[in-house]
Amino acid sequence: MSLAASLPNAARSLSEPSDMFSPDHYTAVRRPLAEAETLPAWCYTSERFYQREVERIFMKVWNFLGRADRIPNPGDYFTLEFAGIPLIIARGDDGNVRAFANSCRHRGSLVALGEGSCRAFKCPYHSWAFGLDGRLLSAPSMEQTLNFDKADYGLTEIRLESWGGFIFVNFDRDAPDLLTFLGDLPQRLASYNYEEMVCVRRVEYELTCNWKIYVENAMEAYHVPYVHKSTLQRQKGPTAQPIETEGEWVGLFKEHTGSRALLAGETGFPPIPSLSGPAAVGTHYPLIYPSTMFGATIDCMWWLELHPIAADRTKLIVGSAFPKEVVARPDFEEVVTRYYRRWDISIPEDNEISDLQQRGLSSPFYREGRFSHLEPLVHAIDNWVLDRVLDPA
Ligand code: FES
Ligand SMILES: [Fe+2]
């Protein structure tokens, strides 16, 4: 007898139905918040569900990859693997940042590793060399190969666009452009002047949870008094509220005084001088779908960038950026440690609770739960995912 068959009905949610993309399984998630149930466990544990998300979500949207100032000079590059796809991000001699599939056009080896600066990418296998613009520059011992034109064997370019100094890639040639995808986000965040910021730190974490668990956590304040009871909870102010948005994003806004990037009682840098409207009196916490969260506060910004790896594995990158003039201050290195302290405490608190959630819901005895009125965006995110991955009714 299979495990699922031996369990009572209430304990079957982990067993994957063969028709897991049928809308019939999700009618309870589709109800209004106060009547809805959470996603079935297989949405967080099943490799099949995860692969469908890669195909229908991550291969279609603008995926956030941090700031262009990570590679400030021509020849600077970094590599990464995003949802299983090896990529090179490089700044060309013309100053433009481009993305390429990191797969040699000869027999497919990775061409570049790690990060650094170079004049050309030389494949470690048979030494084909590619320019910073992806063109195949040289290929030894290919002169007897018939009809071989180097112009046909450049690295495959992936769409890359930027906004506010942030770079995004899209694997879908037919997707609408980045600004269409972002809707009113650039305008709503315009007064933070992100163009004029510099990234001062990037920290990477390996999470043992599904990417949605981390996104859901970031977009609800319900857990703050409990998970962050001796840290963020001591920052004063009303609970963060969802805001109206247009485009592929949602967001919370919290009104308060002081910076949200500091622990209670700490003082830091002055507010960004250009702030106007709500930005001047609080903090925005946007989620750019599917998996990029910003803390947009009065003196700096931080981002949470997720790279999905498997159903239960995700890479988290936490970046921090401050206005250029602030970074140039003689006391910057000393004062910024107060901000680092806040992130180095609060982020591991969220990482740890996300791990506990993944472990708990992976039990065959976990069954779908219900939402609080404090979790409207968790419900919205789950439905956004279902809108994209389910089969038609
Ligand atoms: S695989 Fe790259 S040169 Fe042969
Ligand atoms: Fe949190």
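What counts, and where the lines are drawn
- Residues numbered from 1 in each chain as written.
- Chains lettered and ligands numbered in written order.
- Predicted model: local features only at pLDDT ≥ 70, side-chain atom pairs only at ≥ 80, totals over all residues.
- Buried ≥ 20, exposed ≤ 12 C-beta atoms within 10 Å, placed from the backbone.
- Helix = DSSP H or I, 4+ residues; strand = E, 2+ residues; numbered from the N terminus.
- Pairing = 2+ DSSP bridges.
- Core = buried A, V, L, I, M, F, W, Y, C linked by C-beta atoms within 7 Å.
- Domains from an automatic or database assignment.
- Contact = placed C-beta atoms within 7 Å.
- pLDDT = per-residue confidence, 0-100.
- Axes fitted to C-alpha atoms, helices over the stretch in contact; angles between N-to-C directions.
- Nonpolar A, V, L, I, M, F, W, Y, C, P; charged D, E, K, R; others polar.
- Expected span 1.5 Å × (residues − 1).
- Parallel < 35°, antiparallel > 145°, perpendicular 65-115°, else oblique.

Visitor: Where do I start with the pairing of strand E1 (residues 63-67) in this structure?
Guide: Here is the key point about a regular strand: its side chains alternate between the two faces of the sheet. Among the five residues in E1, five count as buried, and that is most of the element. Pairing between E1 and strand E10 (residues 166-170): three bridges, direction antiparallel. Counterpart to Asn63 in the pairing with E10 is Val169.

Visitor: What is the right way to look at the nonpolar core in this model?
Guide: One recurring pattern in soluble globular proteins: nonpolar side chains tend to sit buried together. Judged by nonpolar contacts, the single largest core of 96 residues is most densely connected at Ile88, Ile89, Tyr214, Met219, Leu287 and Met301. For this core, the domains that each give at least three residues are domain 1 (63-174) and domain 2 (184-388). With residues up to four places along the chain from it excluded, the contact list for Ile89 reads Leu65, Ile71, Tyr77, Phe78, Val97, Ala99 and Ile167.

Visitor: I'm lost on the confidence of the model for the protein chain in this one. Help?
Guide: Close inspection of predicted coordinates is inappropriate in any region flagged by low pLDDT. Scored by pLDDT, the protein chain has a mean of 95; 96% of the residues are at 70 or more. Here residues 1-6 scores under 50 on pLDDT; set against residues more than four positions off or in separate chains, the count is four contacts. Here residues 8-13 is a poorly scored stretch, pLDDT under 50, and it has 11 contacts once near neighbours within four places are set aside; other chains count.

Visitor: I'm lost on the environment of Gly237 in this one. Help?
Guide: With respect to the helices and strands, Gly237 occurs in the loop between helix H8 (224-227) and strand E12 (241-242). Taking C-alpha positions, Gly237 is 58 Å from Trp128, a pair spaced 109 residues apart along the chain. Discounting residues that sit within four places of it in the chain, Gly237 has contacts with Lys254, Glu255 and His256.

Visitor: I tried to follow the pairing of strand E14 (residues 282-288) on my own but got confused; where do I start?
Guide: For E14, the buried fraction is high: seven of the seven residues fall into the buried class. When strand E13 (residues 249-255) meets E14, the two strands line up antiparallel, connected through seven bridges. Across the sheet, residue Gly251 finds its bridge partner in E14, namely Pro286. In this structure, E14 lies alongside strand E15 (residues 292-296), joined through three bridges in antiparallel fashion. Bridge assignment links His284 to a residue of E15, and that residue is Ala296. Hairpin remark: E14 followed by E15, antiparallel, with three residues in the connecting loop.

Visitor: What is the right way to look at the environment of Ser138 in this model?
Guide: Here Ser138 lies in strand E8 (residues 136-138). Between the C-alpha atom of Ser138 and that of Lys122, which follows or precedes it by 16 residues, the distance is 9.2 Å.

Visitor: How should unusual backbone geometry be read in this particular structure?
Guide: Leaving glycine out, the prevailing phi sign among residues is negative, and the prevailing peptide bond configuration is trans. Going from Tyr289 to Pro290, the amide bond is cis rather than trans, its omega being 0°. Structurally, the position occupied by Pro290 is in the loop between E14 and E15. The phi angle at Asn193 is positive, at roughly 55°, despite the residue not being glycine. Here Asn193 is to be found in the loop between helix H6 (185-188) and strand E11 (197-207).

Visitor: I'm lost on the sheet that holds E8 in this one. Help?
Guide: Hydrogen bonds along the backbone pair up the strands of a sheet, which may run parallel or antiparallel. Taken together, three strands build an open sheet; the order of strands is E6-E7-E8 and the sheet is antiparallel. Of all strands in the sheet, those bounded by a partner on one side alone are strand E6 (120-122) and E8. With direction set aside, neighbouring strand axes in the sheet form an average angle of 35°. Taken together, the two bridges between strand E7 (residues 129-131) and E8 define a ladder with antiparallel strand orientation. Looking at E8, one finds that Phe130 is bridged to Leu136.

Visitor: Looking at this structure, I do not really get the domain arrangement of the protein chain. What am I missing?
Guide: As a measure of interface size, the accessible area lost when the parts come together is often cited. The domain boundaries assigned to the protein chain delineate domain 1 (63-174) and domain 2 (184-388). For domain 1 and domain 2, the distance between their C-alpha centres works out to 31 Å. In this assembly, 12 residues from domain 1 lie in contact with 15 residues from domain 2. Considering only residue class, the side of domain 1 that touches domain 2 consists of six nonpolar, three polar and three charged.

Visitor: Would you mind going over helix H10 (residues 332-361) with me for this structure?
Guide: Working note: α-helix, 3.6 residues per turn, so residues spaced by three or four point in the same direction. The end-to-end C-alpha distance of H10 is 43 Å, a good match for the 44 Å that 30 residues give at a rise of 1.5 Å each. Taken together, the buried positions of H10 are Val336, Tyr339, Arg342, Asp350, Ser354, Gln358 and Leu361. Looking at the buried side of H10, the elements it contacts are helix H3 (42-45), E11, helix H7 (211-218), H8 and strand E17 (313-323).

Visitor: Please clarify how the packing of helix H4 (residues 47-58) against helix H11 (residues 376-389) should be interpreted in this entry.
Guide: Any two packed helices are characterised by how steeply their axes cross, that is the angle between the axes, and by the distance between the axes. Two elements in contact, H4 and H11, have axes separated by 9 Å at closest approach and are oriented at 90°. When the interaxial angle is binned, H4 and H11 end up roughly perpendicular. Only Val385, Arg388 and Val389 of H11 make contact with H4, whose side of the interface consists of Arg52, Glu53, Arg56 and Ile57. Of the residues belonging to the contact of H4 with H11, the class tally is three nonpolar, no polar and four charged.

Visitor: Would you mind going over the sheet that holds E11 with me for this structure?
Guide: Pairing within the open sheet is antiparallel, and its seven strands lie in the order E11-E17-E16-E15-E14-E13-E12. At either end of the open sheet lies a strand with only one pairing partner, and these are E11 and E12. With respect to the sheet, H7 is in contact with E11, E14, E15, strand E16 (301-310) and E17, its orientation differing from that of E16 by roughly 155°. Across the sheet, H10 is in contact with E11, E16 and E17; its angle to E11 comes to roughly 25°.

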